[in-house]
Amino acid sequence: MASAVLPSGSLCAAAAAAAAAPPGLRLRLRLLLLLLSAAALIPTGDGQNLITEDVTVVEGEVATISCRVKNSDDSVIQLLNPNRQTIYFRDFRPLKDSRFQLVNFSNSELRVSLTNVSISDEGRYFCQLYTDPPQEIYTTITVLVPPRNLMIDIQKDTAVEGEEIEVNCTAMASKPATTIRWFKGNKELTGKSEVEEWSDMYTVTSQLMLTVGKEDDGVPVICLVDHPAVKDMQTQRYLEVQYKPQVHIQLTYPPQGLTREGDTLELTCEAIGKPQPVMVNWVRLDDDLPQHAVVSGSNLLINNLNKTDNGTYRCEASNVVGTAHSDYTLYVYDPPTTIPPPTTTTTTTTILTIITDTTATTEPAVHGLTQLPNSAEELDSEDLSDSRAGEDNSIRAVDHAVIGGVVAVVVFAMLCLLIILGRYFARHKGTYFTHEAKGADDAADADTAIINAEGGQNNSEEKKEYFI
């Protein structure tokens, strides 16, 4: 293996010049002398290879540069910056930048760290191996810069339902350019982005057009950044949406929902809107409110209901956005009919009277129920169905009880009659004997037999037989 040899006089002259040089130049001459000395001893670089890798680092963090040699033969390694200034020569640092620190030095590796990396540190760094001929390889430091600021702006602080608003999100001074994603609550939306480049930095603005409804009030609009230098960077704004009232009428009394003559009706108007409605108005369609109706805030109270109160009652509520209403249809039913309890008697006449009275009492009630209006039009469906079912069941129960009692009485009467007839026929069944011919058995003729009979004609009046 050949080696380069420098004249010894040249080295001495260089050393003398370095000693006599001014302090500012002395360091450079000493470095040059070191290089010349090393070059005089460096063998050729056959079979040696330099290895390094590119470095990607986030601004403000630490970058590590490594120059490695395969099949090293103790050749000198040095590291240079993009301006070709020597950072490290072996384990000596000529460059006065304390951010560069030696991590490892050996015959096969030179590893240097750079702290607090900035965008100005980006570029090519050279690894050199003093062989004959010299070997050189470079590594690239790429600096990632996260967005300096992330701002979201809504065209209107307060929107009205159905209105289209513009929302903008800006990610400033990043490298590379950011990707902006939009979310409304948990739902992802699509915006339109524009990229502006300035001095190797990028500013991205994304625009979102959004049509809002009352369900969007209080929902966050989120601007999320996708960038290799940062994770989970986002900002958000809550939507303020005004909407007209939502009105609902609640039946407070009677709880079962069936309104009869003489009852009390109480309705409550529930109105929700933004802004909250402050005025609630009760009206009766096609007629005036009854004189005995009392309106107290959102409540409507009607005492002592009668048929003239039938109609549709409307609750109206309004705010700055609009007006809404809800209707309630009132139908007043007849008062409930009381059915007398059935009585039990032992005579057939009484039984017939009970059947006649029961029929006269129960038939009008059943007929009245068949004339009830449609529940979907005039009453709350659940309350009316429950009430009608309850009345039908009670009437059926009364009818069955009456019929059962009548049948029981009839069966009992028939059993009693059968027992009496049986006893009667049992007592009068058989052959009857009399004593009129006693003593006439031996008479020669009929006249003699009559004369000889016991008692004769004198006792004829006493011998009487009664049939019971």
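Residues numbered from 1 in each chain as written. Predicted model: local features only at pLDDT ≥ 70, side-chain atom pairs only at ≥ 80, totals over all residues. Heavy atoms only, no water.

- The protein chain appears in an unreviewed UniProt entry as Cell adhesion molecule 1 from Phascolarctos cinereus.
- Taken verbatim from the UniProt record of the protein chain, the Sequence similarities (unreviewed entry) comment is "Belongs to the nectin family." (UniProt positions renumbered as here; feature names shortened; annotations may be inferred.)

1. So, the nonpolar core
Move 1: Judged by nonpolar contacts, the single largest core of 24 residues is most densely connected at Leu79, Ile87, Phe100, Tyr125 and Ile141.
Move 2: Sorting the residues of this core by element identifies strand 2 (55-58), strand 3 (63-70), strand 4 (77-80), strand 5 (86-89), strand 7 (109-114), strand 8 (123-129) and strand 9 (135-144) as the ones contributing at least two each.
Move 3: Setting aside residues up to four positions removed in sequence, Phe100 forms contacts with Ile87, Tyr88, Arg93, Leu95, Val112, Ser113, Leu114 and Tyr125.
Move 4: Core analysis: the second largest hydrophobic core is formed by 21 residues, Ile152, Ala171, Trp182 and Val225 among them. (Core = buried A, V, L, I, M, F, W, Y, C linked by side-chain atoms within 4.5 Å. Buried < 20%, exposed > 50% of the residue type's maximum accessible area, 1.4 Å probe, protein only. Helix = DSSP H or I, 4+ residues; strand = E, 2+ residues; numbered from the N terminus. Contact = heavy atoms within 4.5 Å.)

2. Side note on the side chain of Asp216
Move 1: In this fold, Asp216 is placed in the loop between strand 16 (201-211) and strand 17 (220-227).
Move 2: A distance of 3.2 Å separates polar atoms of two side chains, one belonging to Asp216 and the other to Lys184.
Move 3: Setting aside chain neighbours within four positions, we find Asp216 in contact with Lys184, Thr211, Leu239 and Val241. (Polar contact = N/O pair within 3.5 Å; in protein donor to acceptor, adjacent residues only side chain to side chain.)

3. Section: the pairing of strand 8
Move 1: The buried fraction of strand 8 amounts to six of the seven residues, a majority that puts the element mostly inside the structure.
Move 2: Here strand 4 runs beside strand 8; their pairing, made up of four bridges, is antiparallel. Its bridge partner lying in strand 8, Leu79 is registered against Cys127.
Move 3: By the bridge criterion, seven bridges tie strand 8 to strand 9 in an arrangement that is antiparallel. (Pairing = 2+ DSSP bridges.)

4. Observations regarding the state of the cysteines
In protein structure, a disulfide is the covalent linkage between the sulfur atoms of two cysteines.
Move 1: Applying the stated rule across the entire model yields three disulfides.
Move 2: Disulfide pairing places Cys67 opposite Cys127 at an S-S distance of 1.7 Å. Around the S-S axis, the bridge from Cys67 to Cys127 shows a dihedral of about -65 degrees and counts as left-handed. Placement of the pair is Cys67 in strand 3 and Cys127 in strand 8, with a sequence separation of 60 residues.
Move 3: Looking at the protein chain, its bonded cysteines, counted consecutively from the start of the sequence, adopt the pairing 1-2, 3-4, 5-6. (Disulfide = S-S within 2.5 Å.)

5. Some details on the sheet that holds strand 4
Move 1: In space, the five strands of this open sheet follow the order 2-9-8-4-5, with mixed pairing throughout. The outermost strands of the open sheet, each flanked by one partner alone, are strand 2 and strand 5. The mean inter-strand angle of the sheet, taken between neighbouring strand axes irrespective of direction, is 20 degrees.
Move 2: As paired elements, strand 2 and strand 9 share four bridges and run parallel to each other. (Axes fitted to C-alpha atoms, helices over the stretch in contact; angles between N-to-C directions.)

6. What about the environment of Lys175?
Move 1: Mapped onto the secondary structure, Lys175 falls in the loop between strand 12 (164-174) and strand 13 (179-184).
Move 2: Spatially, the C-alpha atom of Lys175 lies 7.7 Å from that of Pro147, the residues being 28 residues apart in sequence.
Move 3: Other than its neighbours up to four places away in sequence, Lys175 contacts Ile119, Glu122, Thr142, Val143, Leu144, Val145, Asp200, Met201, Tyr202 and His227.
Move 4: In this structure the side chain of Lys175 is engaged in a polar contact, spanning 2.8 Å, whose partner is the side chain of Glu122.

7. Regarding the packing of aromatic side chains
Move 1: Within the structure shown, the criterion is met by four aromatic pairs.
Move 2: With a centroid separation of 4.7 Å and an interplanar angle of 70 degrees, the aromatic rings of Tyr331 and Tyr333 are classed as edge-to-face.
Move 3: Of the residues examined, Tyr333 reaches a relative accessible area of 4% and is grouped as buried.
Move 4: Note that Arg84 overlies the ring of Phe126, its terminal NZ or CZ placed 3.8 Å from the centroid.
Move 5: The side chain of Arg124 reaches across the aromatic face of Tyr138, ending 4.1 Å from its centre. (Phe/Tyr/Trp six-rings, centres within 6.5 Å; stacked < 30°, edge-to-face > 60°. Lys NZ or Arg CZ within 6 Å of the ring centre and 35° of its normal.)

8. Considering unusual backbone geometry
Move 1: Of note, the bond from Asp132 into Pro133 is cis; its omega dihedral lies within 30 degrees of zero at 0 degrees.
Move 2: Relative to the assigned elements, Pro133 resides in the loop between strand 8 and strand 9.
Move 3: Here Lys274 and Pro275 are connected by a cis peptide whose omega angle stands at 0 degrees.
Move 4: Its location among the elements puts Pro275 in the loop between strand 20 (265-274) and strand 21 (279-284).
Move 5: Even without glycine at this site, Asn71 takes up a positive phi of about 60 degrees.
Move 6: Structurally, Asn71 is set in the loop between strand 3 and strand 4.
Move 7: Look at Asn71 and you get exposed, because its relative accessible area is 56%.
Move 8: In the Ramachandran plot, Asp74 falls in the positive-phi region, its phi being about 70 degrees despite a non-glycine side chain.
Move 9: What makes Asp74 partly exposed here is its relative accessible area of 48%.

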